[in-house]
Amino acid sequence: VQLQASGGGLVQTGGSLRLSCAVSGRTGRSYIMGWFRQAPGKEREFVAAINWSSGSTFYADSLKGRFTIARDNAKATVTLQMNTLKPEDTAVYYCAFDSNGSSVRFRVPDEYDYWGQGTLVTVSS
């Protein structure tokens, strides 16, 4: 499985960005796609996840309402729409693939089998 993340950049406080992650390879039909982020000097933290077969979505409580994860089956792409961005959202954002479509540990980085290369999001104040 290969993941290619894109869409990061520099945005002002209150602005929006949409990240994309193209998924390729032998994924199977049941898996989970997640987004994580890592700010300088901090641990990687869970942002959002989506069950590819059911479409169920999950969010970090602190981000619910501002961030939206979605999938495009035809394009094999998962997106993360980020609105009302704040300086504390500045981080490298990673998409990740969990081959266990029944996993309940999707908030844990170690649960994921494959990772994209990361895309930097910088929110200026």
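Here's what I pulled together on the structure shown here. (Residues numbered from 1 in each chain as written. Predicted model: local features only at pLDDT ≥ 70, side-chain atom pairs only at ≥ 80, totals over all residues. Heavy atoms only, no water.)

## Quick look at the overall build of the protein chain
A tally of helices and strands in the protein chain yields zero helices and 11 strands. When the helices and strands of the protein chain are listed from N to C terminus, the series reads β-β-β-β-β-β-β-β-β-β-β. With respect to the three principal axes, the spread of C-alpha positions in the protein chain is 40 × 25 × 25 Å. Residues counted as buried form 45% of the 125 residues belonging to the protein chain. (Helix = DSSP H or I, 4+ residues; strand = E, 2+ residues; numbered from the N terminus. Buried < 20%, exposed > 50% of the residue type's maximum accessible area, 1.4 Å probe, protein only.)

## Let's talk about the environment of Gly9
With respect to the helices and strands, Gly9 occurs in strand S2 (residues 9–12). Apart from residues lying up to four places away in sequence, Gly9 is in contact with Leu17, Leu120, Val121 and Thr122. (Contact = heavy atoms within 4.5 Å.)

## Topic: the state of the cysteines
Throughout the structure, instances matching the rule amount to one disulfide. The side chain of Cys21 participates in a disulfide bridge whose partner is Cys95; the two sulfur atoms lie 2.1 Å from each other. Across the S-S bond linking Cys21 and Cys95, the dihedral sits near 65°, which makes this disulfide right-handed. Placement of Cys21 in strand S3 (residues 17–24) and of Cys95 in strand S9 (residues 91–98) is noted, with a sequence separation of 74 residues between them. Judged by its relative accessible area of 0%, Cys21 falls in the buried class. (Disulfide = S-S within 2.5 Å.)

## Quick look at unusual backbone geometry
Even without glycine at this site, Ala76 takes up a positive phi of about 50°. Residue placement: Ala76 occurs in the loop between strand S7 (67–72) and strand S8 (77–82). Assessed through its relative accessible area of 24%, Ala76 is described here as partly exposed. You will see that Thr84, though not glycine, has its phi angle at about 50°, which is positive. One can find Thr84 in the loop between S8 and S9. Accessibility expressed as a relative area gives 44% for Thr84, which makes it partly exposed.

## Some details on the pairing of strand S11 (residues 119–124)
The side-chain alternation of S11 yields one buried face, formed by Thr119, Val121 and Val123, and one unburied face, formed by Leu120, Thr122 and Ser124. The sheet contact formed by S2 and S11 spans four bridges and is parallel. Paired with Val11 across the two strands is Val123, which belongs to S11. Relative to S11, S9 is paired through three bridges, and the arrangement is antiparallel. (Pairing = 2+ DSSP bridges.)

## Notes on the side chain of Thr77
By secondary structure assignment, the location of Thr77 is in strand S8. Judged by its relative accessible area of 13%, Thr77 falls in the buried class. Reaching out from Thr77, the side chain makes a polar contact with the backbone oxygen of Lys75 at a distance of 2.9 Å. If we skip the residues at most four places from it in the chain, Thr77 touches Ser20, Cys21, Ala22, Trp52, Ala70, Arg71 and Asp72. (Polar contact = N/O pair within 3.5 Å; in protein donor to acceptor, adjacent residues only side chain to side chain.)

## So, the sheet that holds S7
The four strands are arranged S1-S3-S8-S7 in an open sheet whose pairing can be described as antiparallel. The open sheet has two edge strands with one neighbour each: strand S1 (2–6) and S7. Within this sheet the neighbouring strands show an average axis-to-axis angle of 15°, counted without direction. Across six bridges, the pairing between S3 and S8 is antiparallel. Considered in S8, the bridge of Leu17 is made with Met82. (Axes fitted to C-alpha atoms, helices over the stretch in contact; angles between N-to-C directions.)

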